[in-house]
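# An overview of the molecular structure
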Amino acid sequence: MAASHPHSPHPHSSHHRSPHPHSPHAHSPHPHTFEALVAEGAAVPTEGWDFSWFEGRATEARPSWGYARSLAGRLAGAAASLDIQTGGGEVMDFALGQGVRTPVLAAATEGWPPNVAKATALLRPRGIVVVAAAEDAQLPFADDTFDLVSSRHPVNPQWAEIARVLQPGGTYFAQHVGPRSVFELVEYFLGPQPESQSSDRHPDRDRAAAEAAGLEIVDLRAERLRVEFHDIAAVVHFLRKVVWMVPGFTVAEYEPRLRALHERIESEGPFVAHSSRHLLQARKPQA
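What comes next is a walk through the structure.

Definitions and cut-offs
Residues numbered from 1 in each chain as written. Predicted model: local features only at pLDDT ≥ 70, side-chain atom pairs only at ≥ 80, totals over all residues. Heavy atoms only, no water. Salt bridge = Lys/Arg side-chain N within 4 Å of Asp/Glu carboxyl O. Buried < 20%, exposed > 50% of the residue type's maximum accessible area, 1.4 Å probe, protein only. Pairing = 2+ DSSP bridges. Helix = DSSP H or I, 4+ residues; strand = E, 2+ residues; numbered from the N terminus. Axes fitted to C-alpha atoms, helices over the stretch in contact; angles between N-to-C directions. Polar contact = N/O pair within 3.5 Å; in protein donor to acceptor, adjacent residues only side chain to side chain. Contact = heavy atoms within 4.5 Å. Arc of directions from axis to C-beta.

### Here we look at the pattern of salt bridges
Side-chain pairs of opposite charge can arise whenever the charged atoms involved come near each other. By the definition in use, this model includes 14 salt bridges. Here Glu187 and Arg180 are joined by a salt bridge, their closest N and O atoms 2.6 Å apart. Here Glu187 falls in the partly exposed class, since its relative accessible area comes to 25%. The network of salt bridges with common partners includes Glu35, Glu255 and Arg259.

Have a look at this one:
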């Protein structure tokens, strides 16, 4: 589940990345008491952008366009590729695992040190160089270097930099988090949030910003998708992992709300929220 929340972004971002949907199943292997569930959710490591721990505990419907598989098709035709804010490298690793050759020149950037190490270990064997670069910094590459730039859930796309490093005729292919993503959960803990809190995530804003940087929008599609949290451990781990959702979240501070939500899930079933995603394909015009 990824976030669209513009509260202070996490050092790792890739915002915005999200748990893959899984079919819910009985929770018999998991503890049931509030204390045990909270302790479990608080103990799970948060580095990387692998959401497999959520299996059976939280689900998120996937967008119809299937970003990672679509990216594999794009990579197959690329000579020089760059993945921005790659997280732990999981999406690129999956895409290249579809029988796709790695482009002759392939690089990825990541700003959060634990994920730089994780992405390097995962992507180096595939021939991808991972470069440590802050999400708001200038991209450490020359002009007109890549014919494909990609990103899954960037915190804040640097449109001028994306346009600069793309070759004329090159493509930016990305999945972004849209406005008010998983805000049902945010507002459960923080109360009603103004629309302005997430207006910068609206696809129309991305369109305008991309065009202002000199890119042409080829495709822009948005979907809102059902998310379910099946136990309070999933909520705790999610809020620890996607830290911009409820800034400063700790179990101790939010214990009363967590306990109330646990009781609600136990009596009424999964807590339902909705994620917001949009697929964006932009092209740098030929010189």
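Structure's up, so let's keep going.
### What about the sheet that holds strand β6 (residues 166–177)?
Here eight strands make up an open sheet; going across it, the order is β1-β7-β8-β6-β5-β2-β3-β4 and the pairing mixed. On the outer flanks of this sheet lie β1 (58–60) and β4 (129–132), each paired with one strand and no other. Adjacent strand axes in the sheet meet at a mean angle of 15°, parallel and antiparallel pairs treated alike. Where strand β2 (residues 80–83) lies against strand β3 (residues 105–110), four bridges are found, and the strand directions are parallel.

### So, the side chain of Gln281
Within the secondary structure, Gln281 sits in strand β8 (residues 271–283). Among the polar contacts made by the side chain of Gln281, one reaches the side chain of Arg74 at a distance of 2.9 Å. Aside from chain neighbours lying at most four places away, what touches Gln281 is Arg74, Thr171, Tyr172, Phe173, Glu216, Ile217, Val218 and Asp219.

### Thoughts on helix α2 (residues 67–76)
Those residues of α2 that sit buried are Tyr67, Leu71, Ala72 and Leu75. Considered in projection along α2, the buried side chains sweep an arc of 145° and stay on one side of the axis. The secondary structure elements touched by the buried residues of α2 are β2, α3 (90–96), β5 (146–152), β6 and β8.

### Quick word on the side chain of His230
By the secondary structure assignment, His230 is in the loop between β7 (216–229) and α8 (232–241). Using a relative accessible area of 14% as the deciding quantity, one classes His230 as buried. Engagement of the side chain of His230 in a polar contact is seen with the side chain of Glu228, the distance being 3.3 Å.

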